[in-house]
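Read off the chains here:
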Amino acid sequence: LLINEHQMARDKVVIIGAGGRMGGALMRCLPEFPDLALHAAIEHRPVQGVNTTTDLPSALAGATIAIDFSSAAATAGNVRACARAGVPVCVNVAP
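Just so you know, these numbers come straight off a predicted model, no measurement behind them.

Peer 1: When you look at the overall build of the protein in this model, what are you seeing that I'm missing?
Peer 2: Broken down by element type, the protein carries four helices and four strands. The order of α-helices and β-strands along the protein, N terminus first, is α-β-α-β-α-β-α-β. A burial count over the protein gives 29% of its 95 residues as buried. Contacts in the protein between residues far apart in sequence, at least 24 positions, make up 52% of those at least 6 positions apart.

Peer 1: I keep staring at the nonpolar core and nothing clicks. Help me out?
Peer 2: Side chains of a nonpolar character, in soluble globular proteins, are inclined to be buried together. Judged by nonpolar contacts, Val 14, Ile 16, Ala 40, Ile 42, Leu 56, Ala 59, Leu 60, Ala 63, Ala 66, Ala 81, Cys 82 and Val 87 together constitute the single largest core of twelve residues. Going through the elements one at a time, strand 1 (11-16), strand 2 (36-42), helix 3 (56-60) and helix 4 (72-85) are the ones with two or more residues in this core. For this core, the element with the highest residue contribution is helix 3, accounting for three residues. Setting aside its immediate chain neighbours within four residues, Ala 81 contacts Leu 56 and Leu 60.

Peer 1: Even after reading the chapter, I still don't get the sheet that holds strand 2, so can you show me in this structure?
Peer 2: In a beta sheet, neighbouring strands are held together by backbone hydrogen bonds and run either parallel or antiparallel to one another. Spatially, 2-1-3-4 is the arrangement adopted by the four strands of the open sheet, whose pairing is parallel. Two strands bound the open sheet, and with one partner strand each, they are strand 2 and strand 4 (89-91). Direction aside, neighbouring strands of the sheet carry axes that sit 20° apart on average. Pairing between strand 3 (residues 65-68) and strand 4: three bridges, direction parallel. The residue bridging Asp 68 from the neighbouring strand is Val 91, located in strand 4. Lying over the sheet, helix 2 (residues 21-29) contacts strand 1, strand 2 and strand 3, oriented at roughly 155° with respect to strand 1. The strands touched by helix 4 are strand 1, strand 3 and strand 4; relative to strand 4, the strand with the most contacts, the crossing angle is about 165°.

About the criteria used
Residues numbered from 1 in each chain as written. Predicted model: local features only at pLDDT ≥ 70, side-chain atom pairs only at ≥ 80, totals over all residues. Heavy atoms only, no water. Helix = DSSP H or I, 4+ residues; strand = E, 2+ residues; numbered from the N terminus. Buried < 20%, exposed > 50% of the residue type's maximum accessible area, 1.4 Å probe, protein only. Contact = heavy atoms within 4.5 Å. Core = buried A, V, L, I, M, F, W, Y, C linked by side-chain atoms within 4.5 Å. Pairing = 2+ DSSP bridges. Axes fitted to C-alpha atoms, helices over the stretch in contact; angles between N-to-C directions.

In C-alpha cells, the structure reads:
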C-alpha cells in the first residue's frame with residue numbers, strides 16, 4: 001500500500017451527532033474538503049448509508065479533530081472524552 005504525502009497530511013475528523021441536521025450537513029459536505037477525511041461518525045441511532053458508532057472514546061483513537069453537533073445534554077461528556085484523548089474539539093450546540 002502506497003500513501004502519498006497529501007494523504008498522510010489529511011486531518012482525521014470525528015463527527016459527533018452525525019445523524020442530526022447539522023451533523024448530516026457536515027457528512028454531506030466533507031468530500032468537498034480534500035484535506036479532511038472522515039475518521040468516525042458518532043450517532044446513537046442508525047443513519048442510512050453511514051457506518052456509525054456510539055463508542056466515542058474508541059472512535060477518537062487516531063483522530064486529529066472532533067466536531068460536536070450533538071445535544072446540549074451530551075456535549076460536556078463529549079468534550080471530556082476529547083480532552084482525555086488529546087483531540088481538539090469544535091462545539092456548536094443549538095438550544
